[in-house]
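# Observations on chain architecture
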Amino acid sequence: MGIFEAILLTVITAATPLVLAAVGELVTERSGVLNLGVEGMMVMGAACAFVATQMTGSPYVGILAGIASGALFSLLFGFLTLTLVANQVATGLALTILGLGVSGMIGEAYVGQSGIKLSQIVFPVLSDIPFLGSLLFKQDLIFYLSIAVVAGVHFFLFRSRAGLKLRSVGDNHASAHALGINVIRMRYLAVMFGGACAGLAGAQLSLVYTPQWVENMSAGRGWIALALVVFASWRPWRVVAGGYLFGAVSISQLHAQAFGIGIPSQFLSALPYLATIFVLILISHNRRTTLINTPASLGKPFVPDR
Amino acid sequence: MSADGQSASGPLLAVGQLTKLFGTFAACNGIDLDIKPGEIHALLGENGAGKSTLVKMLFGVLTPTSGEIVWQGQPVRIASPSAARKLGIGMVFQHFSLFEALTVAENIALSMAPGISLNRIAEEASALSHSYGLPLDPKAHVADLSVGERQRIEIVRALLQNPKLIILDEPTSVLTPQEADRLFETLNKLKAEGRSVLYISHRLEEVQRICDRATVLRHGRVTGACDPRKETPSSLARMMVGSDVAHVSAEGTSTKGAVKLEARHLSASARTPFAVSLKNICLKVHAGEVLAIAGVAGNGQGELFDALSGEYPAGSDDVVRIAEKPVGTRGINARRLMGAGFVPEERHGHAAVSALSLSDNLVLARNQSDRRAFLGGGVLGLIRQDAVKRATKRISQAMDVRKSGENPPAGSLSGGNLQKFIVGRELDRQPTVLVVNQPTWGVDAGAASRIRQALVDLAKSGSAVLVISQDLDEIFEVATEIAVISEGRLSDIYPAAELSREKIGLLMGGMYGKTESAETAHAH
């Protein structure tokens, strides 16, 4: 295995949680809900996945626990913002802070334990393709899931009737309500899907990326995922492109150090965030495509009147 | 037409003693109405007369408090819009319920039964729209379409359900005269097919032209049922308003005064993808005249208002002049201090803050221009509540603003009364230049006549008045001179007496004739 191949493998591992969390948040935002609690849901997923894996010995149970904890945690957000019509921004921030705290409590007894790494699933024949084979077909389940979820979300949003309804709810909730679409139910489902994806992304961190539990181990990836949704202008496949770009930037700091390039490590670890800012400035110039894709009701609470 | 069996001879829809209470307020109070198969039935009334409440009950958006709805001889309860659609009732709303980010076909698909592919819906919609003379491209994004085209989507969407009754809420308020003619042809076609149309309007001329019967509402009650062709516009207006509406005329205004407001080759690029850019606009408004700018909504009226008022200042000083002084880059307060007044289109959130009281709204608008009168305490700028309250009272009396209590929040006033107040707020200063955008949009006939008269009176007293409006009746009532705006370009300015509705209609479609060639000559 060449050095280039090895670097690409680490990029994939770094990008997968970003892609998963972002594509979940993309669905949530397409329904018109802005959930800033991705970081909190992600770190909850990481903690619960690790604890469940240690208790049962099976990382697959851990994956399920990660998904379930993210979805349940997002349900709290849904109840506050959709049923009680609390402010979405404030609630999302609170969710992040709560998630960081609660996950620390859950994982406290497990700090320092070495975990069980999720094993690879090797596709026969396909994995023998030179170069690509070992990159794409000798990976863990969560990587395959991340690509499948993006493809599924794309098909759902742009090919299915339910996806059309979801986009209509995000574009103009009053009109959607007038057409008889259940706006609140649609948003609950979208929020929970976003939570499940963030939880799965968290499970990847504690089962694949670094198989152990460290407090605050999401380390700001939830925020990058949020920026990624805007970067992708709410289109699923662009999330993959952006996710791998950001993943590459965050990995480059490790390899730059290994190659002895004299750049301060602090600068390199700040690179993903600088890239986010740069990209946000760049895309804000092309307002037309952004506005066609931007959910017009994003962040606006819906209260049906009758 | 007897395909419907026993019900064909009786009314298609009969409404008996229908009442809707909001708290103790009766928006609809014991309404009786019947619609025959194959007729165009007009529902007339001022704003707040209960027209919208009535049709919302018929379409299942609101639940009636009491009364009955009989559909083809059967008493029915219409619980939701989809229930109404199943019965065969289609509705075209005044404020479109479209999704701007979606395509035409996707918009239509959302109201169709599930299980039909998007391609089939697109084909059907395209075929249907062409057969009714309302061509549509199913793949276009709604955001890119004109208001007239958006209305077509709503109509085609309703027609795809094959309805027996179509309800249209003020359909022509956003159309050019030519587009309206086309709509009337479509409606006559529907009528010939045996479908019924419930046509809501306050435009008497249209109602007389296309409707077979009319029901008139006032204050939630039926005040008349008639054949509109046998009535005169003034007798219909009396039924709507309850008294004679004062006639407004621009007589006595003239263009002989000095130029008070001028735009010289004013251009502005579009601020958002859905906005219109202004292209080389030249206009002069003289002291003593009303210049009216006609045009279909969304052709740059808002952008022109923003540039003239200074809400979005222009790139150079020279392009806008107030009283001969270049002010293009100055802000709104600087222009107000020079004696100009501005009334934007949106009452709520733009011209007034709904949650604040009338007196607070007065201070917000005039704290610079009337600093001496309203503010005290030197640099502290404390509000002199008693002076402000006196001015609020003065304005309310001058414009006959009807309100609950002395100083209620702006949002509690009806549209017409709030509009009278915000126009009166500027008139109270006796501005030398007044720019008004859509002065009577969605305002009832009595209040509209009052506002129009006040604008004409201001011009007669020697001020320059610029009125931007979509309402041709209004334009002919108040204008000394008329220009038309289309896609951000302004036509030549014509004396009001020289223009016909047809000519304005052509100008609205962007047919400038000689203007276009003069402009190209200028550019080179």
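Bear in mind the structure is a predicted one, so any value in this text is a computation, not a measurement.

### Looking at the domain arrangement of chain B
Residues and elements named next belong to chain B. As assigned here, chain B comprises domain 1 (2-241), domain 2 (245-339 + 431-524) and domain 3 (347-427). Measuring from the centre of the C-alpha atoms in domain 2 to the corresponding centre in domain 3 gives 26 Å. When contributions to the side of domain 2 that touches domain 3 are tallied by element, the ones reaching two or more residues are α10 (332-337), β19 (433-437) and α15 (445-460). Here the side of domain 2 that touches domain 3 gets five residues from one element, more than from any other, and that element is α15. Of the residues that constitute the side of domain 2 that touches domain 3, the class distribution is 10 nonpolar, three polar and three charged.

### Here we look at the packing of helix α2 (residues 38-56) of chain A against helix α4 (residues 88-107) of chain A
Between two packed helices, the angle of one axis relative to the other and the distance separating the axes together describe the packing. Residues and elements named next belong to chain A. Between α2 and α4, the least distance of the axes is 7 Å, while the angle of their chain directions is 15°. Classified by the interaxial angle, the pair formed by α2 and α4 is roughly parallel. As α2 runs across α4, the sense of the crossing is left-handed. Residues Glu39, Gly40, Met41, Val43, Met44, Ala46, Ala47, Cys48, Phe50 and Val51 of α2 touch α4, and the partners they reach there are Leu95, Thr96, Leu98, Gly99, Leu100, Val102, Ser103, Ile106 and Gly107. Split into classes, the residues belonging to the contact of α2 with α4 amount to 13 nonpolar, five polar and one charged.

### Details of the interface of chain A and chain B
Counting from both sides, the interface comprises 16 residues of chain A and, opposite them, 19 residues of chain B. Of all elements in the fold, only α7 (161-171), α8 (173-178) and α13 (287-293) of chain A reach the threshold of two or more residues within the side of chain A that touches chain B. In terms of residue count, the dominant contributor to the side of chain A that touches chain B is α7 of chain A (six residues). Along the lines of polarity and charge, the residues of the side of chain A that touches chain B split into six nonpolar, four polar and six charged.

### Here's the deal with the sheet that holds strand β2 (residues 25-35) of chain B
Residue and element names in this part refer to chain B. The sheet built from four strands is open, its strands ordered β2-β1-β4-β5 with antiparallel pairing. Looking along the sheet, the strands with just one partner apiece sit at the ends: β2 and β5 (74-76). Strand-to-strand, the axes of this sheet are offset by a mean angle of 30°, without reference to chain direction. Relative to β5, strand β4 (residues 66-71) runs antiparallel, the two sharing three bridges. If you follow Trp71 over to β5, its bridge partner there is Gln74.

About the thresholds
- Residues numbered from 1 in each chain as written.
- Chains lettered and ligands numbered in written order.
- Predicted model: local features only at pLDDT ≥ 70, side-chain atom pairs only at ≥ 80, totals over all residues.
- Domains from an automatic or database assignment.
- Helix = DSSP H or I, 4+ residues; strand = E, 2+ residues; numbered from the N terminus.
- Nonpolar A, V, L, I, M, F, W, Y, C, P; charged D, E, K, R; others polar.
- Axes fitted to C-alpha atoms, helices over the stretch in contact; angles between N-to-C directions.
- Parallel < 35°, antiparallel > 145°, perpendicular 65-115°, else oblique.
- Left-handed = near helix turned anticlockwise from the far one by under 90°.
- Contact = placed C-beta atoms within 7 Å.
- Pairing = 2+ DSSP bridges.

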